[in-house]
Amino acid sequence: MDVRCYGCSHNFDSEGRVPLVLKCGHNLCQPCVELSIAYQTLSYIADGFVASGTPTITSSSACGSATATSRALSTSSTPCGTAASCVLLRSSAASNCGILIVSCAVCPSATAIPAGVNLRECLEQNTALMSALPARAVHRVCVSCGNSNLRALFDCSHCFCTVCESCWDKVHPLTIQKALHKKLKCGSSDFGELPASIMCPTHAKKMDTFCKDDNLLLCRSCEVEHKGHDVISTEDDEFSHIPDMLQGTLNKKTDQITSALKSINDTITNVNKIHDDFETGVASATVRLQNLLLERRDQLISASQDVRNMHLSALSSQKSALEVLSQRVSDLKALQRKPGTSSLSVAQAFSSSMKSWNKSLLDLASDGSTFVDCDCSKVESEIHNFGNVVAGARPAPMPPPELVKATPNSLTLRWEKQHSPNPRSRITRYILSHAPSGSADFKEIFSGRKTQFTLLGLQGGTTHSFNIRAVNDIAHGTCSETVSFETPRGREFVFITPGDTNGVIYWIGTAKGTSPTFSVSNIASLVHTGWYPTHSRSKGPLAVLDHNFRGRNHTGHSQNAYWMVDLRSIFVMPTHYSLVCGSSSNKVMRSWELSGSVNGKTWIVLSTHNNDTSLQPNSLSHWALHVEQHAFSMFKVTQTGPNGGNNNALSIAGFEVYGTVLL
């Protein structure tokens, strides 16, 4: 049963869009019929400039807007915002006699409606259809662009969402899961209920089994990866108790999360305590330094005051002696001018005064020279000694920082730890400063006790300058020489989860990102693979790079059996790699090495595994690599000991590498 109006394509409901049955048996919603009456009235009023023929109004655009195909009036919008698309006929005779004619949007039949009568009284309502309708139809819009035109909308059978035609490929990219996403007529699906069967997002098959060990729904293909696990069918009676079991698992997860949150909160408390202690120590050291300076200042000022008082006292005594001599001179002059004084008396008095005068002048000269010598030597000595104390406590200049690792988006630097022979002037932290290319404005980017720092958020092919200095409780050291480093030009492939599509091999398989799908044929034209010894019943070394392959694949039996790939002109600075073991349960790798090379002659071991049990048949495992400033175009996996079946066959069905590809 069609639940959409033939005129506007909206879903019927039991309130606003009541389905009304025309004479021909087709259904139109009430707003479409009311709009036809509005057109009849407008056309009657406009008889002065509208032809009295039969203008036809149809819908022709994707958005539902109506266009006039003959000399017709422009359409207006219905209460829901969608233009009517039913065909409306009008005759001047019918208008004059109070009868309106509505033509069906599907067939050429027409229905006569008396003017001024309630539509629901003159047109029969489709009661059978209304009994299955909701009170108000759900307003559907595209989840991507918001388009509300029902003619352009579809429902997805898998995602339970409404998407327009133009956004379908954007919301549903071309992947292995494409078969799951089927276009349904908009409004024909009920999003209130889940489908009877749930499809596997990886293999596009029905998931009808449940793994109790991993708490996962599985399809038949997924069961291979859960071999040996406790797997039950969804139709078993035991499956009905799964929610209770999952509740217990959720409780455990909740306890784990609570414990992790408590650990994080404790760590935050410890971090705050450490920084509070550090700030308290800095404040205490600053106070000690201030007290030391104030103490030395008071000592110097006190010594200066003592010397000044001593010298002022000596000068005051000498001034008094000079005043006495001056008075004697005045007395001699008065005696010489006094009438009746004999020359012998004047000569005797002058001779006695001269002896006392010469002695006083000699004492004055001696005291004056002593004052000058004391003033210069003592004060300069005190100032010089205090300067030596401060200069000896300043940290020595540091060597410039060294480059540890460079990626297109980051630079990692490290520096030597500094030691002070004086315990009172030990190094408390280091300050690293940075200036971008073409700038002399250095800004502090790190301050702490660590001797390594990574600067993130950079761009490839840019130059950056750095300097560093040490700090103790007394003073800041002198900055080191400035060094500059350049970030390489490249593209980063970041590992997120095992089996993701972020690796270098997957990128090559999509023709370096130009193809929407992965194909091993793209890899075969760009790289070279090989292994030793060969095995005629295996898929071959190229199948290891096929992301869609899982199965039996191994070399012959030989010590130091290996598989290798040559990426040719593609050089990778690796950070992670992953392996997939073949399906043979008696050939699982346990001891192996991953090596890298640029010429195939000199190989550098990147990762070593001894009795590693992380690999299982048809399972995927990954490992981090710690390689500093090395790029490779060739990678080799070499088996260094017997496999799980105690033989020497190398079983490998998948390989992926992550890192920075140099451009």
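Residues numbered from 1 in each chain as written. Predicted model: local features only at pLDDT ≥ 70, side-chain atom pairs only at ≥ 80, totals over all residues. Heavy atoms only, no water.

In this section: the overall build of the chain. Counting secondary structure elements, the chain contains nine helices and 31 strands. For the chain, the proportion of its 663 residues judged to be buried stands at 35%. Pairs at least 24 apart in sequence give 61% of the contacts found in the chain among residues at least 6 apart. Surface summary for the chain: the accessible area is close to 37600 Å², and the carbon and sulfur share equals 53%. (Helix = DSSP H or I, 4+ residues; strand = E, 2+ residues; numbered from the N terminus. Buried < 20%, exposed > 50% of the residue type's maximum accessible area, 1.4 Å probe, protein only. Contact = heavy atoms within 4.5 Å. Areas by Shrake-Rupley, 256 points an atom, 1.4 Å probe, with all protein chains shown as cover.)

With that out of the way, let us pick up the pairing of strand β16 (residues 427–436). Among the 10 residues in β16, nine count as buried, and that is most of the element. Summarising the sheet, β16 and strand β19 (residues 463–472) pair through nine bridges and their orientation is antiparallel. Paired with Pro436 across the strands is His464, a residue of β19. Pairing of β16 with strand β17 (residues 443–448) involves five bridges; the strand directions are antiparallel. Bridged to His434 within β17 is Lys443. Between β16 and the antiparallel strand that follows it, β17, lie six residues; Gly438 among them carries a positive phi value of about 80°. (Pairing = 2+ DSSP bridges.)

The next subject is the sheet that holds strand β8 (residues 153–156). An order of β9-β8-β10 is seen for the three strands of this open sheet, with the pairing classed as antiparallel. Whereas interior strands pair on both sides, the edge strands pair on one side only; in this sheet they are β9 (162–164) and β10 (183–185). Strand-to-strand, the axes of this sheet are offset by a mean angle of 50°, without reference to chain direction. (Axes fitted to C-alpha atoms, helices over the stretch in contact; angles between N-to-C directions.)

Trp563, Leu567, Leu579, Phe635 and Phe655 are the most contacted members of the largest nonpolar core, which totals 37 residues. Listing elements by their share of this core, those giving two or more residues are α8 (504–509), β24 (562–566), β25 (572–580), β26 (592–597), β29 (634–639) and β31 (654–662). Here this core gets four residues from one element, more than from any other, and that element is α8. Excluding anything up to four places from it in sequence, Phe635 contacts Trp563, Met564, Val565, Leu567, Val572, Pro574, Leu594, Ser595, Trp603, Leu606, Phe655 and Val657. Judged by nonpolar contacts, the second largest core, of 17 residues, contains Leu411, Tyr430, Leu458 and Ala470. (Core = buried A, V, L, I, M, F, W, Y, C linked by side-chain atoms within 4.5 Å.)

Evaluated as defined, the whole model comprises 14 aromatic pairs. Taking the centre distance of 5.7 Å and the plane angle of 50° together, the rings of Trp415 and Phe446 count as tilted. Taken together, the positions of Trp415 in the loop between β15 (410–414) and β16 and Phe446 in strand β17 put the pair 31 residues apart, joining distant regions of the chain. Each member of the pair, Trp415 together with Phe446, is buried. One aromatic cluster is present, formed by Trp563, Tyr577, Trp592, Trp623, Phe632, Phe635 and Phe655 through successive ring pairs. (Phe/Tyr/Trp six-rings, centres within 6.5 Å; stacked < 30°, edge-to-face > 60°.)

A separate point is the sheet that holds strand β13 (residues 231–233). Spatial strand order, β12-β11-β13: three strands in an open sheet with antiparallel pairing. Each edge of the open sheet is held by one strand with a lone partner, namely β12 (216–218) and β13. Taken over all neighbouring pairs, the strand axes of this sheet differ in orientation by 30° on average, direction set aside. With three bridges joining them, strand β11 (residues 209–211) and β12 adopt antiparallel strand pairing. If you follow Thr209 over to β12, its bridge partner there is Leu218.

Turning our attention to a nonpolar patch on the surface. On the surface, Ile257, Leu261, Ile264 and Ile268 cluster together to form a nonpolar patch covering roughly 380 Å² of accessible area. Of note, Ile257 is situated in helix α6 (residues 242–337). (Patch = residues over 30% accessible without salt bridge, like charges linked within 9 Å, V, L, I, M, F, W, Y side chains within 5 Å. Salt bridge = Lys/Arg side-chain N within 4 Å of Asp/Glu carboxyl O.)

A separate point is the confidence of the model for the chain. Residues at a pLDDT of 70 or more form 71% of the chain, whose mean pLDDT is 76. Across residues 190–196, confidence stays below pLDDT 50; counting only partners more than four residues off in sequence or on other chains, it has eight contacts. Segment residues 368–376: pLDDT under 50, and six contacts once partners within four positions in sequence are set aside and those in other chains are kept. (pLDDT = per-residue confidence, 0-100.)

Per the stated rule, a full pass over the model turns up seven salt bridges. Two residues, Arg220 and Asp208, come together in a salt bridge whose shortest N-O distance is 3.7 Å. Of this pair, Arg220 sits in the loop between β12 and β13 while Asp208 is found in the loop between β10 and β11, placing the two residues 12 residues apart along the sequence. Judged by relative accessible area, Asp208 falls into the buried class, the value being 19%. Salt-bridge contacts for Arg220 lead to Glu223; the nearest nitrogen and oxygen are separated by 3.1 Å. Judged by relative accessible area, which is 52%, Arg220 ranks as exposed. A relative accessible area of 24% places Glu223 in the partly exposed class. Among the charged side chains, a network of salt bridges with common partners joins Asp208, Arg220 and Glu223.

Attention now goes to the side chain of Thr412. As for its position among the elements, Thr412 is in strand β15. Using a relative accessible area of 8% as the deciding quantity, one classes Thr412 as buried. Within the structure, Thr412 has its side chain in polar contact with the side chain of Thr454 (distance 3.0 Å). Excluding anything up to four places from it in sequence, Thr412 contacts Glu402, Leu403, Val404, Lys405, Gln452, Phe453 and Thr454. (Polar contact = N/O pair within 3.5 Å; in protein donor to acceptor, adjacent residues only side chain to side chain.)

This part takes up the pairing of strand β18 (residues 452–455). Only one face of β18 is buried, namely the one carrying Phe453 and Leu455, since none of Gln452 and Thr454 on the opposite face is buried. Inspection of the sheet shows β15 paired to β18 by four bridges, in the antiparallel sense. Bridge pairing links Thr412 to Thr454 in β18.

This part takes up the environment of Asn611. In this fold, Asn611 is placed in the loop between β27 (604–609) and β28 (620–624). Of the residues examined, Asn611 reaches a relative accessible area of 63% and is grouped as exposed. With 32 residues separating them in the primary sequence, Asn611 and Asn643 have C-alpha atoms 8.9 Å apart. Excluding residues that lie within four positions of it along the chain, Asn611 makes contacts with Arg590 and Ser591.

Attention shifts here to the environment of Ile496. Note on placement: Ile496 falls in the loop between β21 (490–493) and α8. Exposure remark for Ile496: the relative accessible area of 57% places this residue in the exposed category.

You can see Asp612 is positioned in the loop between β27 and β28. Here Asp612 is buried and forms no salt bridge, its nearest opposite-charge partner Arg590 lying at an N-O distance of 6.7 Å. Within the structure, Asp612 has its side chain in polar contact with the side chain of Trp623 (distance 3.5 Å). Apart from residues no more than four positions distant in its own chain, Asp612 is found in contact with Met589, Arg590, Trp592 and Trp623. (Lys, Arg positive; Asp, Glu negative; His and termini not counted.)

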